Amino acid sequence: LAALLRNCDAVIATSERSAGFLDCPAEVIYHGVDVNHYSPLDGDCLATLRQPVDLPGVVVSSKLQGLYWIGAFGRVRASKGTDLLVEALIKVVPEFPDFGAVFTGLCQAKDMAFFEIMQKKISAAGLGERIVFLGDLNREQVLACYRRILLCVAASRTEGFGLTPLEAMACGRAVLVSGAGIWPQVVDDEVGSSFETGSTDSLIIVLRRLLADPDLLWSMGKRGRQRMVEQYSLEREASKINALYRRLMS
């Protein structure tokens, strides 16, 4: 692979971090988000976020339907920090009666024991109707969840790039992220917050601060949407790749 890269006319890296692992110069071009698909609903406002959402084929408890949602998206496994977020939610959610949490994403057979441990902890805490795993949803169902949440949390221990917080931002939602993947380059206090990678204690502290101010979360989400449109759209990614090819061909 190293020999192949050295003989390429150009190499694209999707972040400065990934470029740092290469032994050759690389053009850094971030992945883009389809900001036309991942977008807020018309008339989107804070008050509508506690209205019921229709997810065909998915049962959502009436208790959860009336709450603000914290959302986590992606595979259910240790590398995604699913267990870190569950531990934090068990501590924090009881302090904020207006909030519940949903997880979407596939849990593979090899991760089922990991998943079952988390379910038992949630049940033991009496939070089975407020911290819910919705399963592996289709693209439209995931979009409906992005639009329904008030805060997206991405707690990954490791991440190659990490698109889900960017998709949530494109939908006008605030984000709370670890230091994995591209997130330190994208997320700041204008659009969300971050916590120490792998630290449940750090996650709990920041989560408490954010949930205490739904209006702040709403404002962060609006600024996040603007940032995605201006800096991280699919069109911008394609334009940068096309510009690189034009330079090579000339």
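Since the structure is predicted, the reported quantities are computational estimates derived from the model, not experimental observations. (Residues numbered from 1 in each chain as written. Predicted model: local features only at pLDDT ≥ 70, side-chain atom pairs only at ≥ 80, totals over all residues. Heavy atoms only, no water.)

Visitor: I keep staring at the pattern of salt bridges and nothing clicks. Help me out?
Guide: Opposite charge on two side chains permits them to pair, given that their charged atoms come into close proximity. Per the stated rule, a full pass over the model turns up 11 salt bridges. Glu27 is the salt-bridge partner of Arg247, the closest N and O atoms lying 3.1 Å from each other. Note that Arg247 is positioned in helix 11 (residues 234-249) and Glu27 in strand 2 (residues 27-28), a separation of 220 residues in sequence. Here Asp188 and Arg227 are joined by a salt bridge, their closest N and O atoms 3.1 Å apart. (Salt bridge = Lys/Arg side-chain N within 4 Å of Asp/Glu carboxyl O. Helix = DSSP H or I, 4+ residues; strand = E, 2+ residues; numbered from the N terminus.)

Visitor: I'm lost on the pairing of strand 7 (residues 174-177) in this one. Help?
Guide: Burial along strand 7 is two-sided: the residues Ala174 and Leu176 and Val175 and Val177 are all buried. Bridge analysis of strand 7 against strand 8 (residues 192-194) gives three bridges, and the strand direction is parallel. Looking at strand 8, one finds that Leu176 is bridged to Ser193. (Buried < 20%, exposed > 50% of the residue type's maximum accessible area, 1.4 Å probe, protein only. Pairing = 2+ DSSP bridges.)

Visitor: How should I be thinking about the side chain of Gln65 in this particular structure?
Guide: Relative to the assigned elements, Gln65 resides in helix 3 (residues 62-65). Residue class for Gln65 comes out buried when judged on its relative accessible area of 13%. In this structure Gln65 touches Arg50, Gln51, Pro52, Val53, Val60 and Arg148, once residues within four positions along its chain are discounted. (Contact = heavy atoms within 4.5 Å.)

Visitor: Help me out: how do you make sense of the nonpolar core in this one?
Guide: One recurring pattern in soluble globular proteins is that nonpolar side chains are buried together. Grouped together as the largest cluster of nonpolar side chains are 41 residues, with contacts concentrated most on Leu89, Leu151, Leu176, Leu207, Leu211 and Leu217. With sequence-adjacent residues up to four places away left out, Leu89 is seen in contact with Ile70, Pro94, Ala101, Phe103, Leu127, Ile131 and Leu207. Counting 40 residues, the second largest nonpolar core, distinct from the first, contains Val53, Cys145, Tyr146 and Tyr232. (Core = buried A, V, L, I, M, F, W, Y, C linked by side-chain atoms within 4.5 Å.)

Visitor: Which parts of the structure should I look at to understand the packing of aromatic side chains?
Guide: We describe a pair of aromatic rings using the distance from one ring centre to the other and the angle between the two ring planes. With the rule as written, the count across this model stands at seven aromatic pairs. Judged by centre distance (5.3 Å) and plane angle (45 degrees), the rings of Tyr68 and Phe99 are tilted. Placement of Tyr68 in strand 3 (residues 68-73) and of Phe99 in strand 4 (residues 99-104) is noted, with a sequence separation of 31 residues between them. There is no split in this pair, since Tyr68 and Phe99 are both buried. Their ring planes at 15 degrees and their centres at 4.5 Å tell us that Phe103 and Phe133 sit as a pair that is stacked. Here Phe133 lies in strand 5 (residues 131-135) and Phe103 lies in strand 4, a separation of 30 residues in the sequence. An identical accessibility class is assigned to Phe103 and Phe133; each is buried. Site record: aromatic cluster; members linked through ring pairs are Tyr38, Phe73 and Tyr146. Geometry around Tyr68 places Arg50 over its ring, the cationic atom sitting 4.9 Å from the centre. (Phe/Tyr/Trp six-rings, centres within 6.5 Å; stacked < 30°, edge-to-face > 60°. Lys NZ or Arg CZ within 6 Å of the ring centre and 35° of its normal.)

Visitor: Got a minute to help me understand the sheet that holds strand 7 in this structure?
Guide: Judged by pairing direction, the sheet is parallel, and its six strands sit side by side in the order 5-4-3-6-7-8 without closing on themselves. Across the chains shown, the open sheet's two edge strands, defined by having one partner strand only, are strand 5 and strand 8. Strand-to-strand twist across the sheet, computed as the mean angle between neighbouring axes with direction ignored, equals 20 degrees. Pairing analysis gives four bridges linking strand 4 to strand 5, with the strands arranged parallel. Bridged to Thr104 within strand 5 is Gly135. Contacting strand 3, strand 4, strand 6 (149-154), strand 7 and strand 8, helix 10 (residues 214-231) runs over the sheet at an angle of about 75 degrees to strand 6. (Axes fitted to C-alpha atoms, helices over the stretch in contact; angles between N-to-C directions.)

Visitor: Could you clarify how one ought to interpret the side chain of Asp44 in this entry?
Guide: Examined against the element boundaries, Asp44 turns out to sit in the loop between strand 2 and helix 3. Within the local environment of Asp44, its side chain forms a polar contact with the side chain of Arg173, the two groups lying 3.0 Å apart. For Asp44, the side chain forms a polar contact with the side chain of Lys222, separated by 3.3 Å. Setting aside residues up to four positions removed in sequence, Asp44 forms contacts with Leu49, Cys171, Arg173, Trp218 and Lys222. (Polar contact = N/O pair within 3.5 Å; in protein donor to acceptor, adjacent residues only side chain to side chain.)

Visitor: Explain the pairing of strand 6 to me, please; I cannot follow it from the model alone.
Guide: Two faces make up the sheet, and in a regular strand the side chains alternate between them. Extensive coverage of strand 6 is indicated by the burial of six of its six residues. The sheet contact formed by strand 3 and strand 6 spans three bridges and is parallel. Within strand 6, the residue paired with Trp69 across the bridge is Ile149. Note: strand 6 against strand 7, four bridges, orientation parallel. Pairing of Ala154 across the sheet is with Val177, part of strand 7. Where the polypeptide runs from strand 6 across helix 7 (residues 164-170) and back to strand 7, its parallel neighbour, the crossover connection is right-handed. (Right-handed = clockwise from strand over helix to strand, strands pointing away.)

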